[in-house]
Amino acid sequence: MNIQYGKQSIDEDDIQAVVDVLRGDYLTTGPNVTEFEQVVCKYTGAKFAVAISNGTAALHAACFAAGIGAGDEVITTPITFAASSNCVLYCGATPVFADIKPDSYNIDPEDIKRKITDKTKAIIAVHFTGQPCEMEEIHAIAKEHGLIVIEDAAHALGADYKGNKIGALSDMTTFSFHPVKHITTGEGGMIMTNDEKLYKKLVLFRSHGITRDEELMTCNEGGWYYQQLALGYNYRITDIQCALGISQMKKLDRFVSRRRELVARYNSAFAEVENIICPAQIEGCNNSWHLYVVQVPDRKNLYDKLKEAGIYANVHYIPVYKHPYYQNNGYSEVCCSNAEELYAHMISLPLYPDLTDEEQEYVIEQVKKNI
Ligand SMILES: *Cc1c(COP(=O)(O)O)cnc(C)c1O
């Protein structure tokens, strides 16, 4: 047995889509990039999208477009991948960690309020596991304090919040297309926004801060001319990747429903099992289930026993501020007690569309046996 916690689903159509690009004229910055952006706009309801080299670059670009810089503070959750707060550090600003709620495992709006200072500039809300954060509450706080809201939706493509797809609800929303996420482009990411000004900044940032847009340039010396207006990066994504993304998007709804089906099967299998806490159902939201996280008394033992049985579970996440880099750079006194309590007991069980019923049965049996 060799069952990973997550993996991509690639079929012959995906392979053909990539091969077609290789036979065509544009390998990068071509029509597949624009089409991929349009497909995700249509799916989420966002007005604008910028496809970018990965989900971390998407967060970096969003922080840049939000004008986050030295002296600013940005509030986020510790139960996330380090990229959610590293992007703040890239801009010379300071991440501030607000604790999570013990039911949803998402950032607690009440603790956001407690962490706001004169320096707070933005909130990065992470929809952990695909469970949407309390966006109404977060938007109300942001409005009261004049803050920008960025959603790190790396886990939440396909999720709904109060009947709306995640992707068009805040100033900006970012996605990742890493192979373990809902759809993949190998490496890839996207930023969604409804604001044209932010959109233009995101486009600049993706390619060195360089533009040929007459409206943005200070002058135009001829057809060859372009100007660098800001310090951007080469965060471009290829047409090869975007062709894969377009093909994957056709299957997103099927992927998400299979994930939901597998989660329902796990939940019912574990309902009567003592010592296992399944994820809570949160009113008004429809989780798209990037991860299936349970809490158990002896996580280390279960992790090791599953590994012996060929099941490669994982732990998402070590509270970000616990990493040595953060500990050594001013976060040694930080303590989010709900996050630490969750970390002590959490384990992510295998969940991906191609996980078969039989494989899942085997995982369930091994969990029950070793808990
Ligand atoms: C995967 C992930 C990212 C980073 O995305 P990459 O495409 O790997 O750069 C950011 N935030 C969260 C919560 C993630 O899970």
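A quick note: this is a predicted structure, and the numbers were derived from the prediction, not measured. Here the residue numbers are simple positions, counted from 1 along each chain's written sequence. At least 70 in pLDDT is required for a residue's local features to be given in this predicted model, at least 80 for side-chain atom pairs to be given and counted, and no such filter applies to totals for whole chains, interfaces and linings, which use all residues. Side-chain measures were taken over the full set of non-hydrogen atoms in the model, leaving aside hydrogen atoms and water.

**A word on the overall build of the protein**
Within the protein one finds 13 helices and 16 strands. Atoms considered for the radius of gyration are the C-alpha atoms alone. The globule rule reads 2.2 Å times the number of residues to the power 0.38. Scaling as 2.2 N^0.38, a compact globule of 371 residues should have a C-alpha radius of gyration of about 21 Å, and the protein matches this with 21 Å. Its C-alpha atoms put the protein at 75 × 55 × 40 Å along the principal axes. Whether a residue is buried, partly exposed or exposed follows from its accessible area with a 1.4 Å probe, protein chains only, as a fraction of its type maximum: under 20%, in between, or over 50%, in that order. Counting all 371 residues of the protein, 55% fall into the buried class. Look at the contacts in the protein between residues 6 or more apart in sequence, and 72% of them connect residues 24 or more apart. Of the accessible surface of the protein, which amounts to about 16400 Å², a share of 49% is contributed by carbon and sulfur atoms. For the protein, the separation between the mean place of its 34 positive charges and that of its 49 negative charges on side chains is 1 Å. Each helix is a run of DSSP H or I of at least 4 residues and each strand a run of E of at least 2, with the numbering of both proceeding from the N terminus. Only heavy atoms enter the contact rule, under which two residues are in contact if any of them lie within 4.5 Å. All accessible areas in this document rest on Shrake-Rupley with a 1.4 Å probe, and a residue is counted as covered only by the protein chains that are shown. Charge counting follows a simple rule: Lys and Arg are positive, Asp and Glu are negative, and His as well as the terminal groups are ignored. One atom stands in for each charge, and that atom is NZ of Lys, CZ of Arg, CG of Asp or CD of Glu.

**Some thoughts on the pairing of strand β14 (residues 292-295)**
Both faces of β14 are covered, namely the face carrying Y292 and V294 and the face carrying V293 and Q295. Bridging between β14 and strand β16 (residues 346-349) involves four bridges; their strand directions are antiparallel. Paired with Q295 across the two strands is M346, which belongs to β16. Note on pairing: two strands pair once DSSP finds at least 2 bridges between them.

**Let's talk about the packing of helix α3 (residues 55-65) against helix α4 (residues 83-90)**
With their axes 9 Å apart at the nearest point, α3 and α4 run at an angle of 45° to one another. The orientation of α3 relative to α4 falls into the category oblique. Crossing geometry of α3 relative to α4 is assigned as right-handed. Within the contact between the two elements, α3 uses T56, L59, H60 and C63 and α4 uses A83, S84, C87, V88 and Y90. Only Asp, Glu, Lys and Arg are considered charged in this grouping, and only Ala, Val, Leu, Ile, Met, Phe, Trp, Tyr, Cys and Pro are considered nonpolar; every other residue, Gly among them, is considered polar. Considered class by class, the residues forming the contact of α3 with α4 number six nonpolar, three polar and no charged. Note on method: axes are straight lines fitted to C-alpha atoms, helices fitted across the in-contact stretch only, with angles between N-to-C directions ranging 0 to 180 degrees. Between 65 and 115 degrees an angle is taken as roughly perpendicular, under 35 as roughly parallel, over 145 as roughly antiparallel, and anywhere else as oblique. Left-handed describes a crossing whose near helix is turned anticlockwise from the far helix through less than a right angle; right-handed describes the clockwise counterpart.

**Regarding the site of the ligand**
With respect to spatial proximity, 16 residues lie near the ligand, and among them G55, T56, D152, S176 and K181 are the closest. Definition of a polar contact: a pair of N or O atoms within 3.5 Å, with one able to donate and the other able to accept a hydrogen when the atoms are protein atoms, and with sequence-neighbouring residues admitted only if both atoms are side-chain atoms. At 2.8 Å from an oxygen atom of the ligand is found a side-chain nitrogen or oxygen belonging to S176. Within the complex, the protein chains bury 92% of what would otherwise be the 380 Å² of accessible surface of the ligand. For the shell around the ligand, the elements supplying multiple residues, two or more each, are α3 and α4. Here the element with the most residues in the shell around the ligand is α3; it accounts for three residues. A molecule or strand has a residue near it when one of that residue's heavy atoms lies within 4 Å.

**Quick look at empty space enclosed by the protein**
Grid points spaced at 1 Å over the protein atoms alone were grouped into cavities, where a 1.4 Å probe fits but cannot get out, and pockets, open sets with protein on both sides within 12 Å along at least five of seven lines, with lining residues defined by an atom within 4 Å of a point. Grid points are joined across faces, edges and corners, and a volume is the space filled by probe spheres set on the points. Tallied over the full model, the rule gives two cavities of 30 Å³ or more. Each pocket or cavity is described by its volume, and for the largest cavity that value is around 70 Å³. If you go around the largest cavity, the residues you meet are D103, S104, Y105, T129, Q131, P279, A280, I282, N287, W289 and V293. Split by residue class, the lining of the largest cavity holds six nonpolar, four polar and one charged. Counting residues domain by domain, the lining of the largest cavity receives three or more from each of domain 1 (3-249) and domain 2 (252-370). For the second largest cavity, the calculated volume is near 50 Å³. Domain ranges listed in this record stem from an automatic or a database domain assignment. Looking at which domains feed residues into the lining of the second largest cavity, each of domain 1 (3-249) and domain 2 (252-370) supplies at least three.

**Some remarks on the side chain of Q131**
With respect to the helices, strands and loops of the structure, Q131 is situated in the loop between β5 (120-126) and α6 (135-145). For Q131, the residues in contact, after removing those within four places along its chain, are S104, N106, A280, I282, C285 and N287.

**Here's the deal with the nonpolar core**
In this text, buried Ala, Val, Leu, Ile, Met, Phe, Trp, Tyr and Cys residues form a nonpolar core when linked through side-chain atoms within 4.5 Å. Formed by 43 residues in total, the largest nonpolar core has its most connected members in F36, I112 and I138. Of all the secondary structure elements, the ones that give two or more residues to this core are α2 (31-44), β2 (48-52), β5, α6, β10 (189-193), α8 (239-249) and α9 (252-270). It is α2 that contributes the most residues to this core, five residues altogether. Counting contributing residues per domain, this core is built from domain 1 (3-249) and domain 2 (252-370), each supplying no fewer than three. Residues contacting F36, with those up to four places away along its chain left out, are A51, F177, I183, T185, M190, C242, G245, I246 and M249. Residues L59, C63, I191 and Y235 belong to the second largest nonpolar core, which totals 26 residues.

**Observations regarding the sheet that holds strand β7 (residues 160-161)**
As summarised here, the arrangement of the three strands in space is β8-β7-β13, forming an open sheet in which the pairing is antiparallel. Each edge of the open sheet is held by one strand with a lone partner, namely β8 (164-165) and β13 (285-286).

**Details of the domain arrangement of the protein**
Each domain of the protein was delimited in the assignment, giving domain 1 (3-249) and domain 2 (252-370). The gap between the C-alpha centroids of domain 1 and domain 2 is 25 Å. Each side of the interface is counted separately: domain 1 has 45 residues, and domain 2 has 50 residues. The term buried area means the drop in 1.4 Å probe accessible area that two parts suffer when joined, counted for both and summed. In terms of surface lost to domain 2, no three residues of domain 1 exceed I3, Y5 and H182, which account for 21% of the buried area on that side. Each salt bridge in this description consists of a side-chain nitrogen of Lys or Arg and a carboxyl oxygen of Asp or Glu lying within 4 Å of one another. Put simply, domain 1 and domain 2 have zero salt bridges between them. In terms of residue class, the side of domain 1 that touches domain 2 is built from 23 nonpolar, 16 polar and six charged.

**Re the packing of aromatic side chains**
Within a pair of aromatic rings, the relevant descriptors are the distance that separates the centres and the angle that separates the planes. We call Phe, Tyr and Trp rings a pair once their centres come within 6.5 Å, taking the six-membered ring for Trp, and we label the pair stacked below 30 degrees between planes, edge-to-face above 60, and tilted otherwise. Across all of its chains, the model carries 17 aromatic pairs by this definition. With a centroid separation of 5.7 Å and 55° between ring planes, the pair formed by F97 and Y321 is classed as tilted. Here the residue F97 occupies a position in strand β4 (residues 94-97), and Y321 occupies one in the loop between β15 (311-312) and α11 (324-331), the gap between them amounting to 224 residues. For Y321, a relative accessible area of 0% gives the class buried. Plain terms: the ring middles of Y266 and F270 are 5.8 Å apart, the flat faces sit at 15° to each other, and that makes the pair stacked. Here the residue Y266 and the residue F270 both occupy positions in helix α9, the gap between them amounting to four residues, near one helical turn.

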